[in-house]
Amino acid sequence: MNSHPIKKFKINNGHSQPITRDFFRDSIPKDLPSHLIHEILLRSAAECLLSFKGVCKDWCSLIKDPSFVKQHHDHHKANNQSIGIVFIHDSDYIEQYYLTILNSLREYEDVPFNKETKTEKFGISVSTDRILKITSCNGLLCFHTEFPLLMLNPITKEMLELPKPRIEEEKEEASACGFGFDAKKNVYKVVQLKRCFSNSSLGCEVLELGTTMSWRKIQHQPSFPHPDLGDPELRPEPVFVEGSIYWQAIKNQNILCFDVASEMFRLIPAPDGKKTERGGAYTTFLVELDRSLCLMTHDISCGVVGIWKMQNDDRKTTWIESYSFDTERIDLEDIDIKSLCIRSKKIYLKYRKGLACYDTQSQELMAPVFSRVADNNLDAVAYTKSIVCLRDVVGSSIMRLCTS
């Protein structure tokens, strides 16, 4: 099998040479201590590790080990490294969508970001005529409406079609879904929310990604009122942050929280509207920045974006305004501004023309740093790249590769 260049590195004569699987096989000392190999691989990019599986059996075994997969993801997430951004846009065909993946958020100076940044493009088929949305968790992407539909790892190019949850249509309706990771059990969980017609209570089923792949109903929590989450096609996507999934309610300024490990719900207060609303029309999104749950507000009338970070102290939830900036370089009529991630003290935002960047140190907004790939962009999400193999997780051969 041919080896493929992964990235460049500097050698003594000043020239760069591609790092390949064969390079590592021939150049790394055979007696290199195992703990040093572990540290080298831990700091390597996810794309590199896929190639490094072919170096030797020991490397392959280590790279496929679930504990190493988690360590690798957590290391890069903690350091805001290996971040990718996926744009989803529809096509001229029913149930057909296209993805554009921005593989690198790198430091840049005077060179326009979109001239040197490579992207991947491929199509997906999803059985729905509703607006398709996308969320991320630990390197995996979940495509959904009010139902979860499809799972994807953009690095391994594996896709998994999810089984449909059980909905008793005469008694209940699907209201929303979410996607998270249970660190205690080391398992991904898909969550289906349901609203009971008789008493408007919140129902829930959970699907664990594994060999069984069957939905189970949560029954250990007392009756919980179903918050108003709004229209499924218009409301913001849920967000997974540090063990919990969050949905934004449209009334009473509450946020619905689901602890993925304990599988318990609770309501937490959102920031005081008197502080976050500066007057006029505004939009809000729940986002993850700096491994914290944040609420982003965009005052459309004056173009000001505010980002509020949630803090929990002594069982009390407080919100601190961490960032506030003017979007004078973005059209004021753009109501679809949404922060995606933060890297090297720069906040990247999705907006109508593509990707913008706010430097928290210089307090400068640069737009666009990446131009939109199509006129029909539906959504975008950031993720930390992961080498988790869906085929290994579900223990079957029901995977399929993305089409280019």
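Below: a short report on this structure.

What counts and what doesn't
Residues numbered from 1 in each chain as written. Predicted model: local features only at pLDDT ≥ 70, side-chain atom pairs only at ≥ 80, totals over all residues. Heavy atoms only, no water. Helix = DSSP H or I, 4+ residues; strand = E, 2+ residues; numbered from the N terminus. Buried < 20%, exposed > 50% of the residue type's maximum accessible area, 1.4 Å probe, protein only. Contact = heavy atoms within 4.5 Å. Areas by Shrake-Rupley, 256 points an atom, 1.4 Å probe, with all protein chains shown as cover. Pairing = 2+ DSSP bridges. Axes fitted to C-alpha atoms, helices over the stretch in contact; angles between N-to-C directions. Core = buried A, V, L, I, M, F, W, Y, C linked by side-chain atoms within 4.5 Å. Phe/Tyr/Trp six-rings, centres within 6.5 Å; stacked < 30°, edge-to-face > 60°.

**Considerations on the overall build of the protein**
The helix and strand tally for the protein stands at 8 helices and 27 strands. Looking at the protein residue by residue over its 404 residues, the buried ones come to 50%. Sequence-distant contacts, at least 24 apart, represent 51% of the contacts inside the protein between residues at least 6 apart. For the protein, the accessible surface area stands at approximately 19900 Å², while carbon and sulfur atoms represent 48% of it.

**Some points on the environment of Asp-129**
Relative to the helices and strands, Asp-129 resides in the loop between strand E5 (119-125) and strand E6 (133-137). For the pair Asp-129 and Ile-94, spaced 35 residues apart in the sequence, the C-alpha separation amounts to 7.1 Å.

**Some words on the sheet that holds strand E18 (residues 282-289)**
The sheet built from 4 strands is open, its strands ordered E18-E19-E20-E21 with antiparallel pairing. Of all the strands in the sheet, just E18 and strand E21 (316-326) have a single pairing partner and so form its edges. This sheet shows a mean twist of 25° between the axes of neighbouring strands, independent of strand direction. Here strand E19 (residues 292-299) runs beside strand E20 (residues 304-313); their pairing, made up of 6 bridges, is antiparallel. Bridge pairing in E20 places His-298 opposite Val-305.

**Some thoughts on the nonpolar core**
What tends to happen in soluble globular proteins is that the nonpolar side chains get buried as a cluster. Formed by 48 residues in total, the largest nonpolar core has its most connected members in Met-151, Leu-162, Leu-193, Leu-209, Trp-247, Phe-258 and Phe-265. Leaving out residues up to four positions away in the same chain, Met-151 has contacts with Leu-140, Leu-141, Cys-142, Glu-158, Met-159, Leu-160, Leu-162, Phe-179, Val-190, Leu-209 and Leu-390.

**A word on the packing of aromatic side chains**
All chains considered together, the criterion is met by 6 aromatic pairs. Between the aromatic rings of Phe-181 and Tyr-188, the centroid separation amounts to 4.9 Å while the plane-to-plane angle is 65°, which identifies the pairing as edge-to-face. Here Phe-181 matches Tyr-188 in class, with each residue buried. Their ring planes at 15° and their centres at 4.0 Å tell us that Phe-325 and Tyr-358 sit as a pair that is stacked. Taken as a pair, Phe-325 in strand E21 and Tyr-358 in strand E24 (residues 354-359) lie far apart in primary sequence, 33 residues in all. Exposure class is identical for Phe-325 and Tyr-358. Each is buried. Here a set of aromatic residues connected by ring pairs shows up, and it is made of Phe-179, Phe-181 and Tyr-188.

**A word on unusual backbone geometry**
Phi angles above zero are rare outside glycine, and Asn-186 is one such case at about 55°. Locating Asn-186 in the fold gives a position in the loop between strand E10 (172-182) and strand E11 (187-196). Its relative accessible area of 37% is what places Asn-186 among the partly exposed residues. The phi angle at Glu-263 is positive, at roughly 60°, despite the residue not being glycine. Looking at the secondary structure, you find Glu-263 in the loop between strand E16 (254-259) and strand E17 (264-269). Taking relative accessible area as the criterion, Glu-263 reaches 7% and is therefore assigned buried.

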